Amino acid sequence: MEIYLIIMLILMICGSLFSLHAKDLLSAVISYGIVGFGLVIAFLILQAPDLAIVQIVVEIITLVIMIAVLNNTTHQQEESRFHFSKMLYFAVVLIFAALFFIAFNKISPLLSSFGNHTTRMATPYMHGATVTGSANLVTGIVFGFRAYDTLGEATVLFTAVIGVLTILRLKGKKDE
Amino acid sequence: MKGMTVIVKKVTQFMAPVIFIFGIYVVLNGHLSPGGGFAGGVIMASAFILQILANGEILDKLRKEESGLEFLESTAILGFLVVAALGLLLSGSFVFFSNFLKQGVIGELLSAGIIPLENIIVGTEVCAAIATIFIALVVFKDEVTK
């Protein structure tokens, strides 16, 4: 099971790297889709179907909007030349990657094994089905135990819509 | 954005109602099976987006649709707060979001108290929000190119 997850993660990393370096913007967007749909399969392997459903639908809509935007622009990205500062960035990234690798190598034996997290916060949620009465435990947590979080998420979405409408409005209300 | 060919339009006519009904199913069964308000709302909004992409826009209709969707969204988020406040008033304990309806049998469609109600409200809100954003982008593009 874990080997499939590692394969998916490597595929996602390859897709994101390609989308950074692609010459054509359309192929960059499509290879960005590899990351999203790979995340869907990773969620399914990790047994989180709720997240997988949300991720697959949002990914499809995001790709549709991005491709619709790309239809109105030029496909080609402007060429960038090689600079010395790029070498510096590359060196810094390599140093940090090596540091993280060493740190994780030392830390990871101290943690509990994969999938068996310490559930100090979530222990009351284990019997959530009998407390809230909903058969789907995730919905029971999202709308029962953590309804404040859901209210906050809905408010964030509402605020986002107001922001989009405010920015995109060309004519003021007074003109009408 | 012009409409697409006749084949795409016909297939969209058949598929969009099915997608919308599937979204309603996901919302209503949110407390029984995977899914819920957010996923179902986005599925319902994708039916709208499919229609707009396939048929091209008729701008007068879209403007009317946009104001209606804005009203729906604001009403839905107000309804979420009203449900929370009803839990504060009707149940004995003075707790926001407390479950004031009967829990029923686990696994039936009408169970889990206010959770299906909250699912429907959040589904409406998410559907209206995403459709509003998409329609606003389409209308904005038309106003700029004029």
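Thresholds, definitions, all that
- Residues numbered from 1 in each chain as written.
- Chains lettered and ligands numbered in written order.
- Predicted model: local features only at pLDDT ≥ 70, side-chain atom pairs only at ≥ 80, totals over all residues.
- Heavy atoms only, no water.
- pLDDT = per-residue confidence, 0-100.
- Helix = DSSP H or I, 4+ residues; strand = E, 2+ residues; numbered from the N terminus.
- Phe/Tyr/Trp six-rings, centres within 6.5 Å; stacked < 30°, edge-to-face > 60°.
- Buried < 20%, exposed > 50% of the residue type's maximum accessible area, 1.4 Å probe, protein only.
- Contact = heavy atoms within 4.5 Å.
- Buried area = accessible area lost by both parts, 1.4 Å probe.
- Salt bridge = Lys/Arg side-chain N within 4 Å of Asp/Glu carboxyl O.
- Polar contact = N/O pair within 3.5 Å; in protein donor to acceptor, adjacent residues only side chain to side chain.
- Nonpolar A, V, L, I, M, F, W, Y, C, P; charged D, E, K, R; others polar.

A. Highlighting the confidence of the model for chain A. Of the residues in chain A, 85% have a pLDDT of 70 or more, and the chain-wide mean is 81. Confidence scores differ between elements of chain A, with helix 5 (residues 128–132) of chain A showing the lowest mean pLDDT of 72 and helix 4 (residues 84–107) of chain A the highest of 90.

B. Quick look at the packing of aromatic side chains. All names here are of chain B. Scanning the model with the defined rule gives 3 aromatic pairs over all chains in all. Residues phenylalanine 22 and tyrosine 25 carry aromatic rings whose centres are separated by 6.3 Å and whose planes lie at 20° to one another, so their mutual orientation is stacked. Placement of both phenylalanine 22 and tyrosine 25 in helix 1 (residues 6–28) is noted, with a separation of 3 residues, approximately one turn of the helix. By relative accessible area, which is 45% here, phenylalanine 22 ends up partly exposed. Overall, the relative accessible area of 46% leaves tyrosine 25 in the partly exposed class.

C. Highlighting the interface of chain A and chain B. Each side of the interface is counted separately: chain A has 35 residues, and chain B has 44 residues. Carbon and sulfur atoms supply 78% of the area buried between chain A and chain B, which totals about 3,500 Å² over both sides. Here chain A and chain B share 0 salt bridges between them. Here chain A is connected to chain B by 2 residue pairs in polar contact (both at pLDDT 80 or more). Those elements that provide at least two residues to the side of chain A that touches chain B are helix 3 (49–70), helix 5, helix 6 (137–145) and helix 7 (147–168) of chain A. If one sorts the elements of the side of chain A that touches chain B by residue count, helix 7 of chain A sits on top with 13 residues. Tallied by class, the residues present in the side of chain A that touches chain B amount to 23 nonpolar, 10 polar and 2 charged.

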